[in-house]
Amino acid sequence: MTSSRPRADACPGALQTHPAADGELARVRVPGGLLTAAQLRVLAAAARDLGDGALEMTSRGNLQLRGLAAGAARELGDRLAGVGLLPSETHERVRNVLASALTGRAGGLLDARPWVAALDAGLCADPALAALPGRYLATLDDGRGDVSGLGGDVGLLALSPSSVALLLGGADSGLRAAPDDAVGLLLAATRAFLAERAAQDGTAWRLTELDDGPARVAARLGGTPAAPAAVPAAPDAGPVGAETQADGRTALVGVVPLGRLSADQADLLASLTGEVQLTPWRSVVVPDLAEDRVDDAAVYLYRTGVVFDADSPWARVTACAGRPGCARSRADVRADAAAAVASGTVPEGARVHWAGCERRCGRPRGEVLDVVATVDGYRVGRSSSGSG
């Protein structure tokens, strides 16, 4: 049955901010998680000058600024536009694009970075696509299987260097394209999603909320589908540590505890490399490091709190904003999560999400141990679900 939403999609953007207890919240879309050093410096300066001094990493590889004063969105937008982070004011909330971590540098069957640029340009060039819900998500998987299971409405999954599967609602549609034609097919699927959404009732936020959404979108596209391939399940975590690139250089992948990147950390990252990649696991990739720079870069980042140990509890612990930023929260969950890590009381092997209320904002997909604040303290329980 079609999901009938009781309220309009108010997903925040860089210009359409969301009021929170600690000020306005802005969300900056970062397609593919790819940021140049210059863009990162501008974001760091905006966090200092306009926000609370930090950048929050999201499960879609985007960034949030908190604590903005009323009316600061316009100045933020001007700063973002100046470095290419706001290519379209009308489309800025729908540019939700996940790409494989390390794509084009290590692993994978092909380089998904050209897909990121082409899809972003295609989204922004079509006036009709401004009507997409802010929770629309596209996944661009280079064949390693890391982002195709993360709940995209539409997606591409490389099956070989010459064949790409179109994913709809996280499942293989059976439709195929060559790599150079894949983004065109993905944009056609996005338009078909929007058309089917309008035909049903126009309020669904996600493709899978529509009646037979994936099947009806595939039918709108036509063509003869192949036998569907299995879509890899979403991994619990991304890579952590040093990864050797195909060109012999090194990429460092570090976890940012609770996804909160200070402006100083962002400036440090920008000084180390020409481009960084944010991942949906709230880690950051620092690529293209020469051998004689790897150790120093790792030490500099480690001293600021970035984690390079895959076995660290920080690789498994997430949290919502909590107090004082969220008025709904019943606890300062970030502080409590940090105290649990420091005291060694985080359960071994479990992914743990600390939440200030039942909404459990920011919860990862899959099986997670939920630590939910109530009026009587924390309630702990294990469950499995997908994030919206």
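Okay, so let's go over this structure. (Residues numbered from 1 in each chain as written. Predicted model: local features only at pLDDT ≥ 70, side-chain atom pairs only at ≥ 80, totals over all residues. Heavy atoms only, no water.)

## Thoughts on the overall build of the protein chain
1) Next: Within the protein chain one finds eight helices and 19 strands.
2) Next: Taken over C-alpha atoms, the radius of gyration comes to 20 Å for the protein chain, in line with the 21 Å a tight globule of 388 residues would show.
3) Next: In terms of overall dimensions, the protein chain has a C-alpha envelope of 55 × 50 × 45 Å along the principal axes.
4) Next: Looking at the protein chain residue by residue over its 388 residues, the buried ones come to 52%.
5) Next: For the protein chain, the accessible surface area stands at approximately 15,500 Å², while carbon and sulfur atoms represent 52% of it. (Helix = DSSP H or I, 4+ residues; strand = E, 2+ residues; numbered from the N terminus. Rg over C-alpha atoms; globule rule 2.2 N^0.38 Å. Buried < 20%, exposed > 50% of the residue type's maximum accessible area, 1.4 Å probe, protein only. Areas by Shrake-Rupley, 256 points an atom, 1.4 Å probe, with all protein chains shown as cover.)

## Overview of the pairing of strand 9 (residues 163–168)
1) Next: Of all six residues that make up strand 9, five are buried, and the element is covered over most of its length.
2) Next: The pairing of strand 8 (residues 154–160) with strand 9 spans six bridges and is antiparallel. Bridge pairing in strand 9 places Ala 158 opposite Val 164.
3) Next: Counting the residues in the hairpin turn of strand 8 and strand 9 gives two residues.
4) Next: In the sheet, strand 9 pairs with strand 10 (residues 171–177) via four bridges, with the strands oriented antiparallel. (Pairing = 2+ DSSP bridges.)

## Looking at the packing of helix 4 (residues 182–200) against helix 5 (residues 213–221)
1) Next: One can describe the packing of helix 4 onto helix 5 by two numbers: an axis separation of 9 Å at closest approach and a directional angle of 120°. On the basis of their axis angle, the class for helix 4 and helix 5 is oblique. Considering the relative orientation of helix 4 and helix 5, their crossing is right-handed. Contacts from Leu 185, Ala 188, Ala 189, Ala 192, Phe 193, Ala 195, Glu 196, Ala 199 and Gln 200 of helix 4 reach helix 5 at Arg 216, Val 217, Arg 220 and Leu 221. (Axes fitted to C-alpha atoms, helices over the stretch in contact; angles between N-to-C directions. Parallel < 35°, antiparallel > 145°, perpendicular 65-115°, else oblique. Left-handed = near helix turned anticlockwise from the far one by under 90°. Contact = heavy atoms within 4.5 Å.)

## Digging into the environment of Ser 148
1) Next: One can find Ser 148 in the loop between strand 7 (138–141) and strand 8.
2) Next: We classify Ser 148 as buried; its relative accessible area is 1%.
3) Next: C-alpha of Ser 148 to C-alpha of Pro 232: the two residues are 84 residues apart in sequence and 6.7 Å apart in space.
4) Next: Not counting residues within four places of it along the chain, the set of residues in contact with Ser 148 comprises Thr 139, Asp 141, Leu 157, Leu 167, Gly 170, Val 231 and Pro 232.

## Section: the pattern of salt bridges
1) Next: For the structure on display, the rule yields 29 salt bridges.
2) Next: In this structure, the salt-bridge partner of Arg 105 is Glu 275, at a minimum N-O distance of 2.9 Å. Here Glu 275 lies in strand 14 (residues 275–278) and Arg 105 lies in the loop between strand 6 (97–99) and helix 3 (113–125), a separation of 170 residues in the sequence.
3) Next: Where salt bridges share partners, they join Asp 22, Asp 52, Glu 56, Arg 66, Arg 260 and Arg 334 into one cluster. (Salt bridge = Lys/Arg side-chain N within 4 Å of Asp/Glu carboxyl O.)

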